[in-house]
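For reference, the chains in residue letters:
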Amino acid sequence: GAVVSQHPSWVICKSGTSVKIECRSLDFQATTMFWYRQFPKQSLMLMATSNEGSKATYEQGVEKDKFLINHASLTLSTLTVTSAHPEDSSFYICSAPEGREQYFGPGTRLTVT
Amino acid sequence: AQSVTQLDSHVSVSEGTPVLLRCNYSSSYSPSLFWYVQHPNKGLQLLLKYTSAATLVKGINGFEAEFKKSETSFHLTKPSAHMSDAAEYFCVVSNSNSGYALNFGKGTSLLVTP
């Protein structure tokens with residue numbers, strides 16, 4: 001099956017700094033990718049839809065200036081958490097559809113100290 | 001609009017007994033429905049999916065689910081629970097109108113006791 005990778009798998013950063021998370025489709029092209037956030041013991045919440053060559057679409061309540069998404073190629077989408085705060089600590093997961101199926105990355109655990 | 005409701009936040013079963021995890025969905029369009037499993041500190045794994053073909057869907061590890069349009073349900077079952085089945089299970093809905101973005105249920109935590 002199709003494979004989606006994420007990098008890094010975990011990151012610790014200081015409050016106020018920015019962190020970039022990469023999501024790659026390894027063996028297929030993805031014009032669309034999705035970014036989810038999962039707080040401890042909670043479900044995944046869709047944050048935004050990343051569109052290759054155009055602006056991302058953000059879900060209600062997600063700050064687009066804080067969570068910058070760039071979908072620069074058909075195999076790469078990046079999520080940059082700007083001016084991170086402890087409340088941004090979470091598990092960030094991306095997915096990419098191929099056909100009617102979604103392939104998930106393994107997730108990135110962000111801890112902001 | 002689309003959503004799923006997982007009716008139980010926690011389910012506890014004894015090893016070797018049947019598992020039933022309940023899910024109801026709401027979708028304005030023909031839905032695709034999925035069950036995913038997430039083990040602690042692990043990524044999501046697709047158990048099975050329904051995409052308008054057979055209403056009884058068989059997945060991995062002995063799990064299956066039945067799509068019942070009249071009841072708007074997609075319950076997950078397994079005849080005999082194994083200790084390794086203990087995990088968090090998510091019922092998920094998507095449709096073409098949403099660009100196939102996934103809407104996750106709140107999850108059901110399955111505990112399997114010896």
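Described below are features of the structure shown in this document. These numbers were taken from a predicted model, which means no experiment stands behind them. (Residues numbered from 1 in each chain as written. Chains lettered and ligands numbered in written order. Predicted model: local features only at pLDDT ≥ 70, side-chain atom pairs only at ≥ 80, totals over all residues. Heavy atoms only, no water.)

A few words now on the interface of chain B and chain A. Facing the 21 residues of chain B at the interface are 15 residues of chain A. Of the roughly 1500 Å² buried between chain B and chain A, counting both surfaces, carbon and sulfur atoms make up 54%. The largest share of the area that chain B buries against chain A comes from Tyr 100, Leu 102 and Phe 104 of chain B, three residues that together contribute 30% of it. Where chain B meets chain A, there are zero salt bridges. Scanning the region where chain B abuts chain A turns up three residue pairs in polar contact (both at pLDDT 80 or more). At the level of elements, β5 (32-38) and β6 (44-50) of chain B are the ones that each hand at least two residues to the side of chain B that touches chain A. Looking at the side of chain B that touches chain A, the element that brings in the most residues is β5 of chain B, giving four residues. Looking at the side of chain B that touches chain A residue by residue, the class counts come to nine nonpolar, nine polar and three charged. (Contact = heavy atoms within 4.5 Å. Buried area = accessible area lost by both parts, 1.4 Å probe. Salt bridge = Lys/Arg side-chain N within 4 Å of Asp/Glu carboxyl O. Polar contact = N/O pair within 3.5 Å; in protein donor to acceptor, adjacent residues only side chain to side chain. Helix = DSSP H or I, 4+ residues; strand = E, 2+ residues; numbered from the N terminus. Nonpolar A, V, L, I, M, F, W, Y, C, P; charged D, E, K, R; others polar.)

All chains considered together, the criterion is met by two disulfides over all chains. In this model Cys 23 of chain A forms its disulfide with Cys 94 of chain A; the gap between the sulfur atoms is 2.0 Å. For the disulfide bridge between Cys 23 of chain A and Cys 94 of chain A, the dihedral angle about the S-S bond is near 80 degrees, and by the sign convention the bridge is right-handed. Here the residue Cys 23 of chain A occupies a position in strand β3 (residues 19-25), and Cys 94 of chain A occupies one in strand β9 (residues 90-98), the gap between them amounting to 71 residues. Across a sulfur-sulfur distance of 2.0 Å, Cys 23 of chain B and Cys 91 of chain B are joined as a disulfide pair. Given an S-S torsion of about -70 degrees, the disulfide between Cys 23 of chain B and Cys 91 of chain B has left-handed geometry. Taken as a pair, Cys 23 of chain B in strand β4 (residues 23-27) and Cys 91 of chain B in strand β10 (residues 87-94) lie far apart in primary sequence, 68 residues in all. Judged by its relative accessible area of 0%, Cys 91 of chain B is buried. For the unlinked cysteine Cys 13 of chain A, the closest cysteine sulfur is that of Cys 94 of chain A, found at 18 Å. Note on Cys 13 of chain A: relative accessible area 8%, which makes it buried. (Disulfide = S-S within 2.5 Å. Buried < 20%, exposed > 50% of the residue type's maximum accessible area, 1.4 Å probe, protein only.)

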